Amino acid sequence: MGLDSYLWKKTATDTWSPDGLMKYDVTVTSDGKPVEHVDPSKVCYVIEEVGYWRKANQIHNWFVQNVQNGVDDCGSYYVEKEKLKELLDVCKRVVDDPSLAESLLPSLRGFFFGGDEYDEWYMQQLKYTIELLEKILKREDRGVYYEYESSW
C-alpha cells in the first residue's frame, strides 16, 4: 500500500492534422496471434504509462494543487503540456536551490504517502521527474494528450 502516481500518454488512433486525417492502424496480438475479442477498427486510443512515481508526495501534491484544483480523489486528470513544462521548471529550480523546496514543491503528509523530509529520496524523485518530463516535452506528437492519476 502507498501512494502510487502515474502519467499516462494517450494517443488517438485517428486525429486531424494540417494535412488531413491521420489514422493509425492498431494490431492487438497475444503470442503473435490476433486477439479475437478486440476489434482493432474500434480502438480509439493507445494508452502508455510514461511516468510512475512511488510515494513521491511532493510531485503528487503539485498535481493536486496545479491540475486537480485541490481535489485529491484518486481520479484521472487531463494534463496540458504547459503544465508539464511548469512542473519541469519547478523541479529544476528546487534541484538547483534546495532551500526553495518547502515553498515551491512542498511535501504532503499522508498515512501511506512516504516521508515528508527534504532529503535524498525527495531529490531523487525530482531528478527522475526532470528526466521524464524532458523526454516527453522534446517530442511533438499529434493526437497525444496526458493524464495524471494516483492511488493510495
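Let me sum up the structure you'll find in this document. (Residues numbered from 1 in each chain as written. Predicted model: local features only at pLDDT ≥ 70, side-chain atom pairs only at ≥ 80, totals over all residues. Heavy atoms only, no water.)

**With respect to the packing of helix H2 (residues 81-96) against helix H4 (residues 120-137)**
Here is the rule: Think of each axis as a best-fit line through the C-alpha atoms, taken over the contacting stretch in the case of a helix, with angles from 0 to 180 degrees between the N-to-C directions. Runs of H or I in DSSP of at least four residues are treated as helices and runs of E of at least two as strands, each being numbered from the N terminus. Angles below 35 degrees are treated as roughly parallel, those above 145 as roughly antiparallel, those between 65 and 115 as roughly perpendicular, and all remaining angles as oblique. Crossings are classed by handedness, with left-handed meaning an anticlockwise turn of the near helix from the far one by less than a right angle and right-handed meaning a clockwise turn. Residue contacts are defined here by distance: any two heavy atoms, one from each residue, within 4.5 Å place the two residues in contact. Think of it as three bins: nonpolar holds Ala, Val, Leu, Ile, Met, Phe, Trp, Tyr, Cys and Pro, charged holds Asp, Glu, Lys and Arg, and polar takes everything else, Gly as well.
Running from N to C, H2 and H4 cross one another at 140 degrees; their axes reach a closest spacing of 9 Å. In terms of orientation, H2 and H4 fall into the oblique class. In this structure, H2 crosses over H4, and the sense of that crossing is left-handed. Here Lys81, Leu84, Lys85, Leu87, Leu88, Cys91, Lys92, Val94 and Val95 of H2 come into contact with H4, specifically with Tyr122, Met123, Leu126, Lys127, Thr129, Ile130, Leu133, Glu134, Ile136 and Leu137. For the contact of H2 with H4, a count of residues per class yields 13 nonpolar, one polar and five charged.

**Focus on unusual backbone geometry**
As a reminder, the rule being used: Summary of the burial criterion: residues with accessible area below 20% of their type's maximum are buried, those above 50% are exposed, and those between are partly exposed, where the area comes from a 1.4 Å probe applied to protein chains only.
Positive phi outside glycine occurs at Asn69, with the angle close to 55 degrees. Among the residues examined, Asn69 registers a relative accessible area of 72% and is labelled exposed. Positive phi, normally seen in glycine, also occurs at Cys74, with a value near 60 degrees. Its location among the elements puts Cys74 in the loop between helix H1 (57-66) and strand S7 (76-79).

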